[in-house]
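Take a look at the letters that make up each chain.
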Amino acid sequence: MKETNGNDVFMNTYHRLPAVFSKGNGVRLTDTGGKTYLDFTSGIAVSCLGHGHPALVEAISSQAAKLIHTSNYFQSDTALAFAEKLIEACGAAGLRKVFLGNSGAEANEGACKIARKYSLLKHGPGRHRIVTLKGSFHGRTITTLAATGQDKFHKDFGPFTEGFVYIPSGDIGALDRALDSSVCGLLIEPIQGESGIRPQDEGYLREAARLCAERDILLMFDEIQSGVGRTGTFLACEAYGIQPDIVTLAKGLAGGVPVGAVLGGGKTADVFGNGDHGSTFGGNPLAAAAGLAVLGIVDDPAFLADITRKGNVIVETVRSWSHPKVRDVRGRGLMTGIDIDADAWPVLEAALSKGLLLLSAGPQTLRLLPPYIITDAEIQEGLEIIRSVLDAL
Ligand SMILES: *Cc1c(COP(=O)(O)O)cnc(C)c1O
């Protein structure tokens, strides 16, 4: 097969690396030429159980043989079981009902709709604004692009959905001023992913939660990247001890099968009424079966503790290099950012040629999102490749 970036058949949306994969096993992917690669990306935090995990394969294939889709006008035993288990997994965050869709952007759209309707019913019109943070990433639809607080995403596609306000993260004064009587919701990634793996300050999030509760503004956590165990707790917000009004999930939730979720608690679980929202594919039995398999493995204290331990191994190993090209390493669990003193893209290319898949997050940050099932030996193998690439810069 010829070397390709796919642009002859796919629209030109991705800066693709030149690799064409045909199979995967565990933390390794194999390209059509037979070369294997260590996967430190999990397909952007999606393939959290790695590739070809037996429990996931068995769940998907047996569900495919039984029932793939019903539409949401009916229930399926598998989707009911998945919803119950997901709510249980999110119990520490005080969430008790879920809406299932297909993607992260769709989940955030649902969250914004709930915030607007909640506020309209309770406080009347004129309170439709949603505050988000600069540097955030919330999706690619017109509304979730509007929610995304980064100018680079806003050129060319306006006009956007009206009513989004951006404030700098970490600035409590700006937060206090922004959360005025025109605002129905505050949407935050507890750890910003796309823009560089930046955990929010705990005091800031606590103050955000306090202000939102005081002003009856919905606190909405976008945990599409940080959720489902990625940071060593089922939701990243558990580590802050904060109970948000809404949480959105997607990426790792079904280990690679598309699914997204909006979870609501006390104020928000019953805001939607009949006909208010929907999704044809959302949470179909196939996706639900995959999600159940993921939750069966990930929602386990010992498994989650090991994610934390492995993440610490990564951070400590990179720190121990004292590498002149490494400016900072940070993260939580298996969500790590390494700021380097060089452009990230050539590092991704060099790592690829040495058999390691890596992502960037911003121009000079390497983003490590390996599958949860990675072994300590595989961690060291991948980190050694990163070190050798940095040495050669
Ligand atoms: C990936 C991501 C999204 C968008 O998810 P899609 O499934 O691509 O629509 C939204 N928010 C965050 C934090 C993400 O990481």
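Residues numbered from 1 in each chain as written. Predicted model: local features only at pLDDT ≥ 70, side-chain atom pairs only at ≥ 80, totals over all residues. Heavy atoms only, no water.

The name given to the protein chain in an unreviewed UniProt entry is Acetylornithine aminotransferase, with the source organism recorded as Breznakiella homolactica. On record in UniProt, under Subcellular location (unreviewed entry), the comment for the protein chain is "Cytoplasm". Note on the protein chain: under the UniProt heading Sequence similarities (unreviewed entry), the record states "Belongs to the class-III pyridoxal-phosphate-dependent aminotransferase family. ArgD subfamily." (UniProt positions renumbered as here; feature names shortened; annotations may be inferred.)

Peer 1: Explain the sheet that holds strand β3 (residues 36-39) here, please?
Peer 2: Strand pairing in a sheet is mediated by backbone hydrogen bonds. Such pairs are either parallel or antiparallel. Read across the open sheet, the four strands follow the order β1-β2-β3-β15; overall the sheet is mixed. If you trace the sheet from one side to the other, it starts and ends with β1 (21-25) and β15 (356-357), each paired once. Pairing between strand β2 (residues 28-31) and β3: three bridges, direction antiparallel. Paired with Leu29 across the two strands is Tyr37, which belongs to β3. (Pairing = 2+ DSSP bridges. Helix = DSSP H or I, 4+ residues; strand = E, 2+ residues; numbered from the N terminus.)

Peer 1: Would you explain the state of the cysteines in this entry?
Peer 2: Such a bond, covalent and formed between the sulfur atoms of two cysteines, is termed a disulfide. All told, the structure shown has zero disulfides when counted by the stated rule. A disulfide-free cysteine, Cys48 has its sulfur positioned 14 Å from the sulfur of Cys90, the nearest such atom. For Cys48, a relative accessible area of 0% puts it in the buried group. Summary of cysteine pairing: Cys212 is not part of a disulfide, and the nearest cysteine sulfur, belonging to Cys184, is at 10 Å. (Disulfide = S-S within 2.5 Å. Buried < 20%, exposed > 50% of the residue type's maximum accessible area, 1.4 Å probe, protein only.)

Peer 1: Is there a simple way to explain helix α3 (residues 77-89) in this structure?
Peer 2: In an α-helix, one turn spans 3.6 residues, which is why side chains three or four residues apart end up on the same side. With 13 residues, α3 extends 18 Å from end C-alpha to end C-alpha; this agrees with the ideal 18 Å at 1.5 Å per step. Contacts from the buried residues of α3 go to α2 (54-66), β4 (95-101), β11 (246-249), β12 (260-265) and α8 (285-298). (Expected span 1.5 Å × (residues − 1). Contact = heavy atoms within 4.5 Å.)

Peer 1: What am I meant to see in the packing of aromatic side chains here?
Peer 2: A ring pair, where both rings are aromatic, is described by two values, the distance of the centres and the angle of the planes. Tallied over the entire structure, the rule returns three aromatic pairs. The interplanar angle of 90 degrees and the centroid separation of 5.2 Å between the aromatic rings of Phe21 and Tyr37 together place this pair among those described as edge-to-face. Taken together, the residues Phe21 in strand β1 and Tyr37 in strand β3 connect sequence positions 16 residues apart. Given the relative accessible area of 4%, Tyr37 is considered buried. (Phe/Tyr/Trp six-rings, centres within 6.5 Å; stacked < 30°, edge-to-face > 60°.)

Peer 1: I keep staring at the pairing of β2 and nothing clicks. Help me out?
Peer 2: Each regular strand carries side chains that alternate between the two faces of the sheet. Where β1 and β2 come together, four bridges link them in antiparallel fashion. Counted as the bridge partner of Gly24 is Leu29 from β2. Connecting the antiparallel pair β2 and β3 is a turn made up of four residues, with Gly34 showing a positive phi of about 95 degrees.

Peer 1: Just checking my understanding: could you explain unusual backbone geometry for this structure?
Peer 2: Backbone geometry follows two general trends: most residues other than glycine have a negative phi, and most peptide bonds adopt the trans configuration. With an omega dihedral of 0 degrees, the bond running from Gly158 to Pro159 counts as a cis peptide bond. Counting through the fold element by element, Pro159 comes out in the loop between α5 (142-147) and β6 (164-167). Of note, the phi angle at Ile197 is positive, near 55 degrees, even though the residue is not glycine. Secondary-structure assignment places Ile197 in the loop between β8 (191-192) and β9 (198-199). Take Ile197: its relative accessible area is 0%, and that puts it in the buried class.

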